[in-house]
Amino acid sequence: MPEVFEDTPWVRKDSLVVAHRLRTYYTIKPGLFAKPRYVKAVDDISLSIDRGITLAIVGESGSGKTTLGRTLIRLLEPISGEIYFDGNDITHMKEEELKRIGFRRRVSMVFQDPYSSLNPFHSIHFILEEPLMVQGVAREEREERIYRALEEVKLTPPEDFINKYPHMLSGGQRQRIAIARAIITNPDFIVADEPVSMLDASIRVEILTILKDIQQRHKMAFMYITHDISTAKYFSDYILIMYAGQFAEYGPFRDVVKNPLHPYAQSLIEAIPDPDPSNRLRERKVAPGEPPNLVNPPSGCRFHPRCPFAMDICKKQEPPVVEARPGVFVKCWLYVKR
Ligand code: SF4
């Protein structure tokens with residue numbers, strides 16, 4: 001049996017990426033003499049991702065998904081909790097140390113916006129070559145890897161793209177370049193943050209298929225961040241649903257999507273558009289109301305103001321996370337044996 005954390009038994013200690021009780025807050029300083037206030041963007045999240053596995057992080061905008069992804073690759077530093085990468089505690093490691101253990105080479109991120117994530121003054125060749133130069137890869141090998149990366153993202157023949165600039169490409173082609181740049185250093189862990197949300201619906205499946213092929217071929221650990229569960233089905237093995245910076249439900253992707261337990265997870269999944277056009281007339285919405293302000297989130301369960309099943313205890317006490325059925329963990333009083 002793999003070793004797990006006693007207080008978060010869904011988290012395997014031997015996984016490539018491990019986060020344990022992670023909290024990342026942003027500080028707001030409203031004025032010179034006013035007390036600083038905190039945006040609790042990630043508030044007690046635990047997860048693990050093995051090589052070759054995709055974990056989908058799903059939630060409405062403002063649920064802390066992007067902050068979580070950025071914290072895991074240490075673009076942000078958490079205020080508490082632990083992050084382990086391949087057995088190394090990287091929670092508070094300094095940049096030089098992260099580089100020394102090869103962390104910066106071994107993790108990568110694909111951003112949401114293919115229009116602003118590529119420097120418009122750099123050619124595709126330079127955009128792809130730069131991370132290899134930083135690593136000191138020899139010139140000949142750099143050329144070979146640039147060609148291979150373009151082929152992997154199906155921009156062929158590579159000669160047709162290599163001397164172009166980002167503005168000469170379509171949105172879908174730019175996102176392929178962003179993916180090629182993310183994989184060119186052969187990372188072990190990729191965070192893809194809403195990689196298709198700004199693209200036309202007609203090319204989303206293509207991009208998702210490319211990501212899936214790359215993830216499977218290279219056996220990477222993959223975190224797919226999205227507000228749209230229907231796009232996660234292409235390649236996700238597990239799902240973690242977040243609400244207002246916190247854990248809502250975690251488990252095997254198909255199992256959770258087929259039979260969600262947390263009321264928020266249920267409302268998210270019910271809101272997926274029905275492929276049957278006759279059913280589309282029925283308006284499907286995520287639970288009524290808005291996600292809370294994370295500077296001053298609701299007491300108890302943060303979902304209680306929007307939850308149709310809210311009980312008295314939900315307003316007063318934060319629910320614990322419990323294993324509601326084998327492998328499926330839920331943070332909700334409905335599943336706590338009392
Ligand atoms: Fe709803 Fe209560 Fe469960 Fe929160 S703990 S999701 S308010 S039933």
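Here goes a summary of the coordinates provided. Source: prediction; values computed, not measured.

## Thoughts on unusual backbone geometry
The peptide bond linking threonine 156 to proline 157 adopts the cis configuration, its omega dihedral lying at -10 degrees. Of note, aspartate 44 is a non-glycine position whose phi angle comes to about 75 degrees, a positive value. Looking at the element boundaries, aspartate 44 is found in strand β4 (residues 37-49). Even without a glycine there, the phi angle at arginine 74 is positive, about 55 degrees. Locating arginine 74 in the fold gives a position in the loop between α1 (65-72) and β6 (80-85). With relative accessibility at 9%, the residue arginine 74 sits in the buried group.

## A closer look at the site of the ligand
The full set close to the ligand counts 13 residues, and Cys301, Cys307, Cys314, Cys332 and Trp333 are the nearest of them. Per-class residue counts for the shell around the ligand are 11 nonpolar, 2 polar and no charged.

## A short note on the environment of arginine 338
Along the chain, arginine 338 turns up in the segment after β14 (328-331). Accessibility expressed as a relative area gives 66% for arginine 338, which makes it exposed. A C-alpha to C-alpha distance of 51 Å links arginine 338 and arginine 181, two positions 157 residues apart in sequence. Not counting residues within four places of it along the chain, the set of residues in contact with arginine 338 comprises Met311, Ile313 and Trp333.

## Section: the pairing of β4
The buried fraction of β4 amounts to 10 of the 13 residues, a majority that puts the element mostly inside the structure. Bridging between strand β3 (residues 17-28) and β4 involves 10 bridges; their strand directions are antiparallel. For tyrosine 25, the partnering residue across the bridge sits in β4 and is lysine 40.

## A few points about the packing of helix α4 (residues 124-134) against helix α7 (residues 171-183)
Their axes nearest at 8 Å, the elements α4 and α7 cross at an angle of 25 degrees. The orientation of α4 relative to α7 falls into the category roughly parallel. Judged by the twist between their axes, the crossing of α4 over α7 is right-handed. Along the contact surface, α4 presents Ile124, Ile127, Leu128 and Pro131, while α7 presents Ile177, Ala180 and Arg181.

## So, the layout of surface pockets
Computed from the structure, the largest pocket encloses a volume of approximately 650 Å³. For the largest pocket, the lining is made up of 21 residues, of which Arg104, Val107, Ser108, Pro131 and Thr185 are closest to its centre. At the level of elements, α3 (103-106), β8 (107-110), α4 and α7 are the ones that each hand at least two residues to the lining of the largest pocket. No other element matches α4, which puts 4 residues into the lining of the largest pocket.

Rules of the game
Residues numbered from 1 in each chain as written. Predicted model: local features only at pLDDT ≥ 70, side-chain atom pairs only at ≥ 80, totals over all residues. Heavy atoms only, no water. Helix = DSSP H or I, 4+ residues; strand = E, 2+ residues; numbered from the N terminus. Buried < 20%, exposed > 50% of the residue type's maximum accessible area, 1.4 Å probe, protein only. Near = heavy atom within 4 Å. Nonpolar A, V, L, I, M, F, W, Y, C, P; charged D, E, K, R; others polar. Contact = heavy atoms within 4.5 Å. Pairing = 2+ DSSP bridges. Axes fitted to C-alpha atoms, helices over the stretch in contact; angles between N-to-C directions. Parallel < 35°, antiparallel > 145°, perpendicular 65-115°, else oblique. Left-handed = near helix turned anticlockwise from the far one by under 90°. 1 Å grid on protein atoms, 1.4 Å probe; cavity = no way out; pocket = protein on both sides within 12 Å on 5 of 7 lines; lining within 4 Å. Points joined across faces, edges and corners; volume = space filled by probe spheres on them.

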